[in-house]
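Each chain, written out:
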Amino acid sequence: MMGEQTREGGGTTMPGRDQEPRSYYVGVDVGTGSVRAALVDQRGILLAFADQPINQWEPQFNHHEQSSEDIWAACCVVTKQVVQGIDVNQIRGLGFDATCSLVVLDKQFRPLPVNHEGDPHRNIIMWLDHRAVSQVHRINETKHSVLQCVGGVMSVEMQAPKLLWLKENMRETCWDKAGHFFDLPDFLSWKATGVSARSLCSLVCKWTYSAEKGWDDSFWKMIGLEDFVADNYSKIGNQVLPPGASLGHGLTPEAAKDLGLPAGIAVAASLIDAHAGGLGVIGADVRGYGLACEGQPVTSRLAVICGTSSCHMGISKDPIFVPGVWGPYFSAMVPGFWLNEGGQSVTGKLIDHMVQGHAAFPELQAKATARCQSVYAYLNSHLDLIKKARPVGFLTVDLHVWPDFHGNRSPLADLTLKGMFGTRLIIEAMEAAGHSISTLFLCGGLSKNPLFVQMHADITGMPVVLSQEVESVLVGAAILGACASGDFASVQEAMARMSKVGKVVLPRLEDKRYYDKKYQVFLKLVEHQKEYAAIMKGD
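Residues numbered from 1 in each chain as written. Predicted model: local features only at pLDDT ≥ 70, side-chain atom pairs only at ≥ 80, totals over all residues. Heavy atoms only, no water.

As named in an unreviewed UniProt entry, the protein is FGGY carbohydrate kinase domain-containing protein, taken from Callorhinus ursinus. Its UniProt record gives the protein a comment under Sequence similarities (unreviewed entry), which states: "Belongs to the FGGY kinase family." (UniProt positions renumbered as here; feature names shortened; annotations may be inferred.)

Written out as structure tokens, the structure reads:
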């Protein structure tokens, strides 16, 4: 199936007398359901875009798998598409971001099965896979000090529980044969360069690595994965670089041929996809918009990446520990800054599930198709129709729904609770711990929905900045490539030059009292959920 491809600006434009010569960077983003690539210039303008779906398997409940060979093939398709008609000698760098899924290879770098069917093609445990629930409970019961950097409680979506699951359930077919466990972003940079160095982003955020102290031997021994300590962590990474650092000698001839790019161009140490979105939006030049964050440090900004899940990225000069929120992680998104990461699991996916599972969905689909609209554009216009003179949010005056169907990621960090007020809850937890946030920077698929954006502004009481380029994650990946090329002195300089403000959405302050009341109800729902759980656990 051919992916979507668009091109703006007609490919190569000859530089005029007053224009600087164009430099190009390629950003590749591996999401949950597709691989996307973009060609971006040194001003952060996206010139070409392509996407290609990738396969997913769900052999049993809570088991989600992908194939590293399938994903690399899709990377090659989209990259070749975005550089068509371009003078490839003007391409200066390549950056990858991806979901934090676990890739398993043998000692010869061949795929190993992560499934009981023994299919080696399916060698990735996806980020949203929840097979390791028993393992994560045991890890959390250790109360080991490394857990302080994941809000006190490790998520089942992190790598340690998945690794423990493989050791306990697939000893002969996978564990004993394994030579390399990669986070997917690091697998891609290895595939492109032959360098197995890991990105600080992946290892710090998902693998318990510390930027200051390295790996903690006692943790791996305590949870039963002492194997890693014995071989000096060669299977999970003992060479670590900050995001945007240039890897080895750049793109290998073999990978260059696969991707349709020149051999030797700079390839950057990678980022997790949400962090690339944060990088693509948080550094934008906001002068002239009258925002509170103008002239303030970048630490007053919160990046919210709204895709399959929602991730809330706040940075600080000094480490801040926020109960139930991941981090602080040093240099995990912006080098030199500490990162805290709040989140809501599979928010986008749950909205799809609610809409598609409704009895009226076929009728909705037919009506939207007849109007040449997406189902969400049709639903938004229908809400506008029925709201009469009042704001859309007022339609829920008598309807209060607990939103966490898939477990709450933060700040409650309780997997057993199955769900926009969540964003406000995360912000309040971060501010109580020492963050000072004045402005939201939104990107990702859901940021294209005007109702979703306005509700974020109204409920948090903060202005929302949207990027000029909707595909902020791809701009973030391209920023990595730009840094690796040496064209910018730092990641911060590249962010300021390559991310631009597109639109500012202000909160409607006249509705503030209404949303404050709704938020009080939401907090009561939080309390009640805990009470119900206590009743059910009682004698």
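> Could you clarify how one ought to interpret the overall build of the protein in this entry?
What the protein contains, in helices and strands, is 17 helices and 20 strands. Scored against the burial criterion, the 539 residues of the protein give a buried share of 58%. Element-wise, carbon and sulfur atoms account for 55% of the exposed surface of the protein, whose accessible area totals about 22200 Å². (Helix = DSSP H or I, 4+ residues; strand = E, 2+ residues; numbered from the N terminus. Buried < 20%, exposed > 50% of the residue type's maximum accessible area, 1.4 Å probe, protein only. Areas by Shrake-Rupley, 256 points an atom, 1.4 Å probe, with all protein chains shown as cover.)

> It is not clear to me how helix H2 (residues 133-141) should be interpreted in this structure. Could you clarify?
Structurally, the α-helix is built with 3.6 residues per turn, so residues lying three or four positions apart point the same way. Taken together, the buried positions of H2 are occupied by Gln135, Val136, Ile139 and Asn140. All buried residues of H2 lie within an arc of 130° about the axis, which places them on one face of the element. Next to the buried residues of H2 lie helix H3 (159-169) and helix H6 (217-222). Of the residues flanking the end of H2, it is Lys143, one or two places downstream, whose phi is positive at about 55°. (Arc of directions from axis to C-beta. Contact = heavy atoms within 4.5 Å.)

> Just to check I follow, could you spell out the confidence of the model for the protein for this structure?
For the protein, per-residue confidence averages 88 on the pLDDT scale, and residues scoring 70 or more make up 86% of the total. The model gives residues 7-18 a pLDDT under 50, and that stretch makes 23 contacts with residues more than four places away or in other chains. Long-range and interchain partners of residues 405-419, a stretch whose pLDDT sits below 50, account for 65 contacts in this model, where long-range means more than four residues apart. (pLDDT = per-residue confidence, 0-100.)

> What should I look at first to understand unusual backbone geometry in this one?
Outside of glycine, negative phi angles account for most residues, and trans bonds account for most peptide bonds. Of the consecutive residues Gly327 and Pro328, the connecting peptide bond is found in the cis state with omega at 5°. Here Pro328 is to be found in strand E16 (residues 326-330).

> For this particular structure, what's the right way to read the pattern of salt bridges?
Two side chains carrying opposite charge are able to pair once their charged atoms lie near each other. The final tally for this structure, using the stated rule, is 22 salt bridges. A salt bridge links Glu117 to Arg122, with the nearest nitrogen and oxygen atoms 2.9 Å apart. Judged by relative accessible area, which is 48%, Glu117 ranks as partly exposed. Residues Asp176 and Arg171 are paired through a salt bridge, measuring 3.2 Å at the closest nitrogen-oxygen approach. Look at Asp176 and you get partly exposed, because its relative accessible area is 42%. Taking relative accessible area as the criterion, Arg171 reaches 42% and is therefore assigned partly exposed. (Salt bridge = Lys/Arg side-chain N within 4 Å of Asp/Glu carboxyl O.)

> Teacher, can you tell me more about the packing of aromatic side chains here?
By convention here, two paired aromatic rings are described through the distance between centres and the angle between planes. According to the stated counting rule, one finds 18 aromatic pairs in the structure shown. Both rings, one in Phe182 and one in Trp190, keep their centres 5.7 Å apart while their planes meet at 25°; by these two values the pair is stacked. Here Phe182 matches Trp190 in class, with each residue buried. Here the aromatic rings of Trp220 and Phe228 are separated by 5.3 Å at their centres, their planes lie at 85°, and the arrangement is edge-to-face. (Phe/Tyr/Trp six-rings, centres within 6.5 Å; stacked < 30°, edge-to-face > 60°.)

> Got a minute to help me understand the sheet that holds strand E7 (residues 102-106) in this structure?
The strands that make up a sheet pair up through hydrogen bonds in the backbone, lying either parallel or antiparallel. What the four strands build is an open sheet, ordered E5-E8-E7-E9; its pairing is antiparallel. The open sheet has two edge strands with one neighbour each: strand E5 (65-66) and strand E9 (178-183). Here H3 sits on the sheet and contacts E7, strand E8 (124-125) and E9; the angle it forms with E7, its principal contact strand, is near 40°. (Pairing = 2+ DSSP bridges. Axes fitted to C-alpha atoms, helices over the stretch in contact; angles between N-to-C directions.)

> It is not clear to me how the pairing of strand E19 (residues 464-467) should be interpreted in this structure. Could you clarify?
In summary, the side chains of a regular strand alternate between the two faces of the sheet. In E19, alternate side chains face the same way, and those of Val464 and Leu466 on one face and Val465 and Ser467 on the other are all buried. Across three bridges, the pairing between strand E18 (residues 439-443) and E19 is parallel. What sits directly across from Phe441, in E19, is Val465. When E19 meets strand E20 (residues 501-505), the two strands line up antiparallel, connected through four bridges. Opposite Val464, over in E20, you have Val505 as the bridge partner.

> Honestly, the pairing of E18 in this entry has me stumped. Any pointers?
By the criterion of burial, E18 is predominantly enclosed, with five of the five residues buried. A two-sided burial pattern is seen for E18, the buried positions comprising Thr439, Phe441 and Cys443 on one face and Leu440 and Leu442 on the other. Across five bridges, the pairing between strand E14 (residues 301-306) and E18 is parallel. Paired with Ile305 across the strands is Cys443, a residue of E18.

> Any chance you could explain the packing of helix H9 (residues 273-281) against helix H15 (residues 472-485) here in plain terms?
When two helices pack together, their arrangement is given by the angle between their axes and by how far apart the axes lie. As a packed pair, H9 and H15 sit with axes 7 Å apart at the nearest point and diverge in direction by 85°. On the basis of their axis angle, the class for H9 and H15 is roughly perpendicular. Along its contact with H9, which presents Asp273, Ala276, Gly277, Leu279, Gly280 and Val281, the element H15 presents Ser472, Val473, Gly476, Ala477, Ile479 and Leu480. Across the contact of H9 with H15, the residue classes tally to seven nonpolar, four polar and one charged. (Parallel < 35°, antiparallel > 145°, perpendicular 65-115°, else oblique. Nonpolar A, V, L, I, M, F, W, Y, C, P; charged D, E, K, R; others polar.)

> Can you walk me through a nonpolar patch on the surface in this structure?
A cluster of nonpolar side chains, contributed by Tyr532, Ile535 and Met536, occupies part of the molecular surface with about 390 Å² of accessible area. Examined against the element boundaries, Met536 turns out to sit in helix H17 (residues 512-537). Owing to a relative accessible area of 69%, Met536 belongs among the exposed residues under this scheme. (Patch = residues over 30% accessible without salt bridge, like charges linked within 9 Å, V, L, I, M, F, W, Y side chains within 5 Å.)

> Would you mind going over the side chain of Thr439 with me for this structure?
Relative to the elements of secondary structure, Thr439 occurs in strand E18. Classification of Thr439 as buried rests on a relative accessible area of 0%. Of note is the side chain of Thr439, whose polar atom sits 3.2 Å from the side chain of Ser438. Here Thr439 is in contact with Leu291, Cys293, Ser300, Arg301, Leu302, Met462, Pro463 and Val465, once residues within four sequence places are set aside. (Polar contact = N/O pair within 3.5 Å; in protein donor to acceptor, adjacent residues only side chain to side chain.)

> Would you mind going over the nonpolar core with me for this structure?
Across soluble globular proteins, nonpolar side chains have a tendency to be buried as a group. Counting 92 residues, the largest nonpolar core has Leu166, Phe181 and Trp220 as the members making the most contacts within it. When residues in this core are grouped by element, the largest group, nine residues, is from H15. Phe181 has contacts with Leu102, Val103, Val104, Leu163, Leu166, Trp175, Arg198, Trp207, Phe228, Lys235 and Ile236, leaving out every residue within four places of it along the chain. Counting residues in hydrophobic clusters, the runner-up holds 45 residues, among them Ile54, Leu188, Leu247 and Ala256. (Core = buried A, V, L, I, M, F, W, Y, C linked by side-chain atoms within 4.5 Å.)

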